[in-house]
Amino acid sequence: MRQDIKDKQTAMRQRYVTSHRHTIQVDAIPYMDEIASQVGCLPQIGKLLCSDTKLALKVFFGPCTPYQYRLHGPGAWSGARQAILTQWDRIEYPLRTRKCPPNPKQWNAFRFFVIASVLFFLFLAILIKFL
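What you are looking at is a predicted structure, and each value in this text was computed from that prediction instead of being measured.

About the thresholds
- Residues numbered from 1 in each chain as written.
- Predicted model: local features only at pLDDT ≥ 70, side-chain atom pairs only at ≥ 80, totals over all residues.
- Heavy atoms only, no water.
- Helix = DSSP H or I, 4+ residues; strand = E, 2+ residues; numbered from the N terminus.
- Expected span 1.5 Å × (residues − 1).
- Salt bridge = Lys/Arg side-chain N within 4 Å of Asp/Glu carboxyl O.
- Buried < 20%, exposed > 50% of the residue type's maximum accessible area, 1.4 Å probe, protein only.
- Polar contact = N/O pair within 3.5 Å; in protein donor to acceptor, adjacent residues only side chain to side chain.
- Contact = heavy atoms within 4.5 Å.
- Disulfide = S-S within 2.5 Å.
- Phe/Tyr/Trp six-rings, centres within 6.5 Å; stacked < 30°, edge-to-face > 60°.
- Core = buried A, V, L, I, M, F, W, Y, C linked by side-chain atoms within 4.5 Å.
- Arc of directions from axis to C-beta.

To continue, consider helix H2 (residues 28–39). An α-helical turn contains 3.6 residues, so any two residues separated by three or four positions project in the same direction. Between the first and last C-alpha of H2 there are 16 Å, a value that for twelve residues agrees with the 16 Å anticipated at 1.5 Å per step. Looking at the residues trailing H2, positive phi occurs at Gly-40, about 105°.

Our focus in this paragraph is the pattern of salt bridges. For the coordinates displayed, the defined rule picks out five salt bridges. Glu-34 is the salt-bridge partner of Lys-8, the closest N and O atoms lying 3.0 Å from each other. Placement of Lys-8 in helix H1 (residues 2–15) and of Glu-34 in helix H2 is noted, with a sequence separation of 26 residues between them. Judged by relative accessible area, which is 35%, Lys-8 ranks as partly exposed. According to the relative accessible area criterion, Glu-34 is partly exposed, its value standing at 25%.

Note on placement: Gln-87 falls in helix H6 (residues 87–92). In terms of polar contacts, Gln-87 uses its side chain to reach the side chain of Thr-65, at 3.0 Å. With near-sequence residues (within four places) excluded, Gln-87 lies in contact with Pro-63, Thr-65 and Tyr-67.

Quick look at the state of the cysteines now. Throughout the structure, instances matching the rule amount to zero disulfides. Cys-64 supplies the cysteine sulfur nearest to Cys-41, a cysteine that is in no disulfide, at a spacing of 11 Å.

Turning to the packing of aromatic side chains, a few remarks are in order. Two descriptors summarise a pair of aromatic rings, namely the distance from one centre to the other and the angle between the planes of the rings. What the rule picks out here adds up to three aromatic pairs. Between Tyr-67 and Trp-77 the ring centres are 6.2 Å apart and the planes differ by 40°, which places this aromatic pair in the tilted class. Placement of the pair is Tyr-67 in the loop between helix H4 (53–61) and helix H5 (80–85) and Trp-77 in the loop between H4 and H5, with a sequence separation of ten residues. Judged by centre distance (5.6 Å) and plane angle (70°), the ring pair of Phe-120 and Phe-121 falls under edge-to-face. The exposed category is assigned to Phe-121, whose relative accessible area is 54%.

This part covers the nonpolar core. Leu-48, Leu-55, Ala-56, Val-59, Ile-84 and Leu-85 form the largest nonpolar core, which has six residues in total. Residue assignment for this core shows that the elements contributing at least two residues are H4 and H5. A total of three residues in this core trace back to one element, the largest contributor, which is H4. With residues near it in sequence (within four places) discarded, Ala-56 still touches Ile-45, Leu-48 and Leu-49.

What follows deals with H4. Every buried residue of H4 is listed here: Leu-55, Ala-56 and Val-59. One face of H4 carries all of its buried residues, which in axial projection span an arc of 100°. Exposed side of H4, more than 90 degrees from the buried face: Lys-54 and Phe-61 are the residues found there. Buried residues along H4 sit against helix H3 (45–51) and H5.

Okay, structure coming up:
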């Protein structure tokens, strides 16, 4: 255990600036995963894939939030699954402070792009057919 502490301190000294203000710095996700594995609440992606594929994909590809450490083990929370599945809603909600009216110029540009693309491909098809 002491050797592990020394190894981590050496790695921290090499990675971070030594100063009085920055005494302890670690990478958050590996640190939380290490503590969770010691406590016994680290999410097991393999078991989640077999039991709840949607949740496993959200845990693996989504943002790392404390909810995933509450799925099982000590301090398990029955609402952790729902919190993980709806976390993007809580992230986006405060950013939607006002509704913007639709921009007709933007719609016209899109319509022009679609019509131009269709005409271009029709022209290519006719050109290839006659060559």
